[in-house]
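# Geometric and topological summary
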Amino acid sequence: MKRRTATKKWRARVQRMAEWIKTHRHWKLRRIMKTLRAKLRGTWNYDGLIGNYRRMKLFYDETCRRVYKWLRRRSQRQRLNWPAFNRMLVRFQVPRPRIVEKPQERMPCQLELSFCQRLMSFLKPKVSPLAYARAS
């Protein structure tokens, strides 16, 4: 079954990331990239479901645009360009989006029946096929 992040939650996550970047743009570059790497790794682990790659890629692209925007404004000397920024992402090993869910893998909570499901199967009367045969 394919799943994707809800639009409302995705937009909220993009907004939170943009706020974080804006408030921490004064940090040293190494510290920014280390924290960004951890944030993205956690996002990929949480959202890395089959069918959700497009949303993850959009989140990654938007995050890169925001980081690029605020890093360009830090210096009055040489401007940062996209090729240099992409080399920086490789240098600091910022993870690209990836699917971490494996096909045919179920969550532990999906393997067990809930209390309500067990109760319904217990309360459901057991009707044998012979009961229908005798009525006709």
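Residues numbered from 1 in each chain as written. Predicted model: local features only at pLDDT ≥ 70, side-chain atom pairs only at ≥ 80, totals over all residues. Heavy atoms only, no water.

Relative to the helices and strands, Thr43 is located in helix H2 (residues 29-47). Once residues lying within four places of it in the same chain are set aside, the contact partners of Thr43 are Arg13, Gly48 and Phe59. (Helix = DSSP H or I, 4+ residues; strand = E, 2+ residues; numbered from the N terminus. Contact = heavy atoms within 4.5 Å.)

Once that is clear, we can look at the pattern of salt bridges. Summed over all chains, the structure comprises five salt bridges. Taking the shortest distance from any N to any O, the salt bridge between Asp47 and Arg13 comes out at 2.1 Å. Here Asp47, found in helix H2, pairs with Arg13, found in helix H1 (residues 7-23); they are 34 residues apart in sequence, far enough to count as distant. Considered together, Asp47 and Arg13 belong to a single accessibility category, that of buried residues. Two residues, Asp61 and Lys57, come together in a salt bridge whose shortest N-O distance is 3.0 Å. With Asp61 and Lys57 both in helix H3 (residues 53-72) and four residues apart, this pair spans about one turn of that helix. With a relative accessible area of 25%, Lys57 lands in the partly exposed category. Through salt bridges that share partners, Glu62, Arg65 and Arg66 make up one connected network. (Salt bridge = Lys/Arg side-chain N within 4 Å of Asp/Glu carboxyl O. Buried < 20%, exposed > 50% of the residue type's maximum accessible area, 1.4 Å probe, protein only.)

A word on unusual backbone geometry. Even without a glycine there, the phi angle at Gln93 is positive, about 55°. Mapped onto the secondary structure, Gln93 falls in the loop between helix H4 (82-91) and helix H5 (108-111).

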